[in-house]
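The residues making up each chain are set out below.
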Amino acid sequence: MDELLATLKAAAETTRLRLLALCAHGELTVTELTQILGQSQPRVSRHLKLLCDAGLLDRFREGTFAFYRLTERGASAELARVLVDAIPSDDPTLTLDLERLEAIKRARSEAAASYFRENAARWHEIRSLHVPEREVEEALLRLIPADGIGDLLDIGTGTGRMLEVLGPRARRAVGVDQSREMLSIARTKLEDTALRHCHVRQADMYQLPFPSGSFDAAVVHQVLHFAEAPADLLAEAARVLRPGGLLLVVDFAPHVLESLRAEHAHRRLGFSDAEVAAWCRQCGLDCGAVVHLPGEPLTVSIWPAVRAAKGASPVDPSILSISGAQS
């Protein structure tokens, strides 16, 4: 009871209640919250600390930035949502706060769109060389259990496309990437969807900020060919999977397009099935049937694997195949 009273006390202040309401609508920085509330940064920071200490808000760093959002786990998560939902929707202060929040989101969207325009042409050059992305996405969806998955991790999420595609099948989904520009695009895209359970974080793919056994599935989509140490990347992905967890690796089969190395920073010109299978075995993953989707001239491969577990697994690697696909 004392803990409950302390949590309620932390929320029982006008500014802190406004902060809870704002953070329920997305991930916001101190600067953005300061702009919306019209208060000093030290004052806002003090309120945020109290809310974090009470377990009502989550805080995470991304480079020099710190983001805040309504907590989703722990004893205070349900209470946080109840408190936000209890605020009258026609409250004039909240209405003005949300109007200012929308202005910030529009500014984010415009900045992200500008960055995307500047880089879209280079991405299109590569996309035109392989099978349409829609085919790849449909193949991935057929590899996801029909009854869905629990916690999903997208490593090297980029613009968050895999979260858009696979997120509806997951209870919770997190995308990680080193690029703040890409994460800005991903956040903007996710805000335009109903996928409130999908989030992105800035993180090193070789040192993921998650405990071992945190996820039921992970996807590494078109990331491996940029990696300095692909085997280490897969080992780190395997580490955060729960026993029986599913890993989906999507990348190019071996090719000879040196232009991708010179012009698009590809470190590897595709991967063989034997190479990927060996890496998976080294980190305790059981490989399933490989899916090959031929393009012109690049072939996209999907390597499914399951983290070894004693007893029955949620996903049997022997059934990880797609009817009609070349293996």
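Residues numbered from 1 in each chain as written. Predicted model: local features only at pLDDT ≥ 70, side-chain atom pairs only at ≥ 80, totals over all residues. Heavy atoms only, no water.

The name given to the chain in an unreviewed UniProt entry is Metalloregulator ArsR/SmtB family transcription factor, and the organism recorded there is Azospirillum aestuarii.

(A) Inspection of the overall build of the chain at higher detail. Tallying secondary structure elements over the chain gives 12 helices and 11 strands in all. Sequence separation of at least 24 residues holds for 68% of the intrachain contacts in the chain that already meet a minimum separation of 6. Total accessible area computed for the chain in this model is approximately 15600 Å², and 53% of it derives from carbon and sulfur atoms. (Helix = DSSP H or I, 4+ residues; strand = E, 2+ residues; numbered from the N terminus. Contact = heavy atoms within 4.5 Å. Areas by Shrake-Rupley, 256 points an atom, 1.4 Å probe, with all protein chains shown as cover.)

(B) Structural view of unusual backbone geometry. Going from Glu-296 to Pro-297, the amide bond is cis rather than trans, its omega being 5 degrees. Relative to the elements of secondary structure, Pro-297 occurs in the loop between strand E10 (291-293) and strand E11 (300-307). In this model, Gln-222 sits at a positive phi of 55 degrees, which is unusual for a non-glycine residue. With respect to the helices and strands, the residue Gln-222 is situated in the loop between strand E7 (215-221) and helix H10 (230-239). What makes Gln-222 buried here is its relative accessible area of 16%. (Buried < 20%, exposed > 50% of the residue type's maximum accessible area, 1.4 Å probe, protein only.)

(C) Structural context of the side chain of His-47. Along the chain, His-47 turns up in helix H4 (residues 41-53). The class of His-47 is buried, set by a relative accessible area of 8%. Excluding residues within four positions of it along the chain, His-47 makes contact with Glu-13, Thr-15, Arg-16, Leu-19 and Gln-39.

(D) Here's a closer look at the packing of H10 against helix H12 (residues 273-282). Close contact between H10 and H12 brings their axes to 9 Å; oriented N to C, the two are set at 45 degrees. The angle between H10 and H12 places the two elements in the oblique class. In this structure, H10 meets H12 at a crossing whose hand is right-handed. For the pair formed by H10 and H12, the contact residues are Pro-230, Ala-231 and Leu-234 on the first element and Val-276, Trp-279 and Cys-280 on the second. Its residues placed into classes, the contact of H10 with H12 shows 6 nonpolar, no polar and no charged. (Axes fitted to C-alpha atoms, helices over the stretch in contact; angles between N-to-C directions. Parallel < 35°, antiparallel > 145°, perpendicular 65-115°, else oblique. Left-handed = near helix turned anticlockwise from the far one by under 90°. Nonpolar A, V, L, I, M, F, W, Y, C, P; charged D, E, K, R; others polar.)

(E) Expanded view of helix H5 (residues 75-86). Those residues of H5 that sit buried are Ser-76, Ala-77, Leu-79, Ala-80, Leu-83 and Val-84. Those residues of H5 that are buried lie in contact with helix H1 (2-11), helix H2 (14-23) and strand E3 (65-70).

(F) Quick peek at the environment of Asp-232. Topologically, Asp-232 is positioned in helix H10. Between the C-alpha atom of Asp-232 and that of Trp-279, which follows or precedes it by 47 residues, the distance is 8.6 Å.

(G) Geometry of the packing of aromatic side chains. If you walk through the whole model with that rule in mind, you get 2 aromatic pairs. Arranged with centres 5.0 Å apart and planes meeting at 85 degrees, the rings of Phe-210 and Phe-215 form a pair that is edge-to-face. When sorted by exposure, Phe-210 lands in the same class as Phe-215, which is buried. Both rings, one in Phe-271 and one in Trp-279, keep their centres 5.9 Å apart while their planes meet at 70 degrees; by these two values the pair is edge-to-face. For the pair Phe-271 and Trp-279, a shared accessibility class is recorded, and that class is buried. (Phe/Tyr/Trp six-rings, centres within 6.5 Å; stacked < 30°, edge-to-face > 60°.)

(H) Spotlight on the confidence of the model for the chain. In this model, the chain carries an average pLDDT of 86, and 89% of its residues clear a pLDDT of 70 or more. Within the model, pLDDT remains below 50 along residues 311-327, and this stretch shows 34 contacts once partners closer than five positions in the same chain are excluded. (pLDDT = per-residue confidence, 0-100.)

(I) Representation of the layout of surface pockets within the structure. By volume, the second largest pocket is sized at about 500 Å³. Lining the second largest pocket are 27 residues, with Ala-24, His-25, Gly-26, Arg-69 and Arg-196 positioned closest to its centre. Listing elements by their share of the lining of the second largest pocket, those giving two or more residues are E3, H5, helix H6 (92-127), helix H9 (180-191) and strand E6 (198-202). Grouping the amino acids of the lining of the second largest pocket by side-chain chemistry returns 8 nonpolar, 7 polar and 12 charged. (1 Å grid on protein atoms, 1.4 Å probe; cavity = no way out; pocket = protein on both sides within 12 Å on 5 of 7 lines; lining within 4 Å. Points joined across faces, edges and corners; volume = space filled by probe spheres on them.)

(J) The arrangement of a nonpolar patch on the surface in detail. There is a patch of nonpolar side chains on the surface, built from Met-1, Leu-4, Leu-5 and Leu-8 and spanning about 440 Å² of accessible area. With respect to the helices and strands, the residue Met-1 is situated in the segment before H1. (Patch = residues over 30% accessible without salt bridge, like charges linked within 9 Å, V, L, I, M, F, W, Y side chains within 5 Å. Salt bridge = Lys/Arg side-chain N within 4 Å of Asp/Glu carboxyl O.)

(K) View of the state of the cysteines. Taken as a whole, this structure holds 0 disulfides when the rule is applied. Lacking any disulfide linkage, Cys-23 is separated from the closest cysteine sulfur, that of Cys-52, by 8.2 Å. Cys-280 takes part in no disulfide bond, and the closest cysteine sulfur to it belongs to Cys-287, at a distance of 4.0 Å. Given the relative accessible area of 2%, Cys-280 is considered buried. (Disulfide = S-S within 2.5 Å.)

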